[in-house]
Amino acid sequence: TNFHVINGARSISVHLTDGRVAAATIVGADSITDLAVLKIDAPNLIAAEWGDSEELQVGDLVWALGSPFGLDRSFTFGIVSAKGRRSGNAATRLNVYQEYLQTDAVVNPGNSGGPLINIEGKVVGINAAIIGASYQGISFAIPSNVVQSQYQVLKAKGWIERAYLGIQPVAVPQDIQEQLGLAIGEGVYVGRVEPEAPAERAGIHTGDVILQWNDFAATDPTLLSRAIAATKVGSTAKVRLARVESKSGDPEPKRAELELSVEVERHPDSKPIQDVEE
């Protein structure tokens, strides 16, 4: 299910289609990717089969299952509208650490955590987000391949440790791209630096363009966020960046390139399950 579905709950129960109600315990939870793994003790359960979200094509039929507005076991259907949706549009509130499937299946509050299934009845996603407060024909699901990889970690460890830089990564604005002489798609713009974050301590400024993180070439905000998150906590990372500098007497701003060292810290929202539950 989604983390936001169970966040803050004192007790959790799962209602089965045959009328049984089973108490659930949290095996693992991760607020950053908005996923949680629950466990129930009940006989004669039939597991849903995972599908391969990578095999989905735009236009494929999909079905969403959930309890919109408390109307349990509601099925809706639509098509895959897009794949690889990433953070960048403020209206979507998508997570910067992963990509999403976009569908036009009717999804409303209460569908969160429910499965998105393909024409074979296999789970290809977990419904996670919508635009606005109710159905507008645009909904988002975490792809099954992402869910499965996160599930394995949550099941084994209970939480997911991620590294943290403390920036808002966005696409490079056109004027900055031109000033720095960057190719299209080269670099990731630092839209904001959080106070007292590793980035600030390392000397990264708002307005810088990150070109490389260790051996990873920065070309996309989401992919850079993943690369940073996957860095070993406690290690020292190298970041190469470009900056527009204006010096006294220079007729025009010039490009400066810097290589900085960053002491990598654990993401403040990356917590063990006991801390999450508190």
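See the structure above.
We now turn to the structure provided with this report. If you're wondering where the values come from, they're calculated on a predicted model, not measured in any experiment.

A look at the environment of Glu55
Stage number 1. Inspection of the secondary structure puts Glu55 in the loop between β3 (35-40) and β4 (61-66).
Stage number 2. Of the residues examined, Glu55 reaches a relative accessible area of 60% and is grouped as exposed.
Stage number 3. In this structure, the C-alpha to C-alpha distance between Glu55 and Leu211, residues 156 residues apart in sequence, is 32 Å.

Some remarks on the nonpolar core
Generally speaking, a soluble globular protein has its nonpolar side chains buried in company with each other.
Stage number 1. Counting residues in each nonpolar core, the largest one holds 21 residues, and the members touching the most others are Leu165, Ile204, Ile210 and Trp213.
Stage number 2. Here Leu165 is in contact with Ala197, Pro198, Ala199, Ile204, Ile210, Trp213, Ile228 and Val262, once residues within four sequence places are set aside.
Stage number 3. Listed in part, the twelve residues of the second largest apolar core include Ile126, Ala129, Phe140 and Ile160.

Quick look at the sheet that holds strand β2 (residues 21-30)
Stage number 1. Taken together, three strands build an open sheet; the order of strands is β1-β2-β3 and the sheet is antiparallel. Because the sheet does not close on itself, it has two edges, and the strands there are β1 (12-15) and β3. On average, each strand axis in the sheet is tilted by 50 degrees relative to the strand beside it, whichever way the strands run.
Stage number 2. Both β1 and β2 contribute to a ladder of four bridges, which runs antiparallel. For Ser13, the partnering residue across the bridge sits in β2 and is Ala23.

Side note on the pattern of salt bridges
Stage number 1. The final tally for this structure, using the stated rule, is ten salt bridges.
Stage number 2. A salt bridge links Glu257 to Arg240, with the nearest nitrogen and oxygen atoms 3.1 Å apart. With a gap of 17 residues between them, Glu257 in strand β16 (residues 254-263) and Arg240 in strand β15 (residues 236-245) connect regions that are remote in the sequence.
Stage number 3. By relative accessible area, which is 43% here, Glu257 ends up partly exposed.
Stage number 4. By sharing partners, the salt bridges in this structure join Glu49, Glu120 and Lys122 into a single network.

Concerning the pairing of strand β13 (residues 209-213)
Stage number 1. In terms of burial, β13 is largely enclosed, as four of its five residues are buried.
Stage number 2. In this sheet, β13 lies alongside strand β12 (residues 188-193) in antiparallel orientation, the contact comprising two bridges. Bridge pairing in β13 places Tyr189 opposite Val209.
Stage number 3. Taken together, the four bridges between β13 and β15 define a ladder with antiparallel strand orientation. Across the sheet, Ile210 pairs through a bridge with Leu241, a residue of β15.
Stage number 4. Across two bridges, β13 lies against strand β14 (residues 216-217) in antiparallel orientation. Bridge pairing in β14 places Trp213 opposite Phe216.

Thoughts on the environment of Val244
Stage number 1. For Val244, the position within the fold is in strand β15.
Stage number 2. Separated by 33 residues in sequence, Val244 and Leu211 have C-alpha atoms that sit 13 Å apart.
Stage number 3. In this structure Val244 touches Gln179, Leu180, Pro253 and Lys254, once residues within four positions along its chain are discounted.

Examining helix α2 (residues 144-157)
Stage number 1. Taking 1.5 Å as the rise per residue, α2 with 14 residues should run 20 Å; its terminal C-alpha atoms sit 20 Å apart, in good agreement.
Stage number 2. When we look at burial in α2, the residues that qualify are Ser144, Val147, Gln150 and Leu154. One face of α2 carries all of its buried residues, which in axial projection span an arc of 125 degrees.
Stage number 3. On the buried face of α2, the contacting elements are β2, β3, β8 (123-130) and β9 (139-143).

Remarks on the layout of surface pockets
Stage number 1. For the largest pocket, the calculated volume is near 2,100 Å³.
Stage number 2. Lining the largest pocket are 45 residues, with Thr1, Val14, Leu16, Gly113 and Pro115 positioned closest to its centre.
Stage number 3. Listed by contribution, the elements that provide at least two residues to the lining of the largest pocket are α1 (3-6), β1, β3, β4, β7 (115-117), β8 and α2.
Stage number 4. It is β3 that contributes the most residues to the lining of the largest pocket, six residues altogether.
Stage number 5. Of the residues in the lining of the largest pocket, the class split is 26 nonpolar, 13 polar and six charged.

Re helix α5 (residues 221-229)
Stage number 1. Taking burial as the measure, the nine residues of α5 include seven buried ones, the bulk of the element.
Stage number 2. Taken as a whole, α5 has its buried residues at Pro221, Thr222, Leu224, Ser225, Ala227, Ile228 and Ala229.

Things to note about the sheet that holds strand β5 (residues 74-85)
Stage number 1. Here we have six strands rolled up into a closed barrel, ordered β4-β5-β6-β9-β8-β7, and antiparallel in their pairing. Between one strand axis and the next, the sheet turns by 45 degrees as a mean value, whatever way the strands run.
Stage number 2. Sheet topology note: the β4/β7 ladder contains two bridges and is antiparallel. Of the residues in β7, the one forming a bridge with Trp63 is Ile117.
Stage number 3. Across the sheet, α2 lies against β8 and β9, angled at about 50 degrees from β9, the strand it touches most.

Thresholds applied
- Residues numbered from 1 in each chain as written.
- Predicted model: local features only at pLDDT ≥ 70, side-chain atom pairs only at ≥ 80, totals over all residues.
- Heavy atoms only, no water.
- Helix = DSSP H or I, 4+ residues; strand = E, 2+ residues; numbered from the N terminus.
- Buried < 20%, exposed > 50% of the residue type's maximum accessible area, 1.4 Å probe, protein only.
- Core = buried A, V, L, I, M, F, W, Y, C linked by side-chain atoms within 4.5 Å.
- Contact = heavy atoms within 4.5 Å.
- Pairing = 2+ DSSP bridges.
- Axes fitted to C-alpha atoms, helices over the stretch in contact; angles between N-to-C directions.
- Salt bridge = Lys/Arg side-chain N within 4 Å of Asp/Glu carboxyl O.
- Expected span 1.5 Å × (residues − 1).
- Arc of directions from axis to C-beta.
- 1 Å grid on protein atoms, 1.4 Å probe; cavity = no way out; pocket = protein on both sides within 12 Å on 5 of 7 lines; lining within 4 Å.
- Points joined across faces, edges and corners; volume = space filled by probe spheres on them.
- Nonpolar A, V, L, I, M, F, W, Y, C, P; charged D, E, K, R; others polar.

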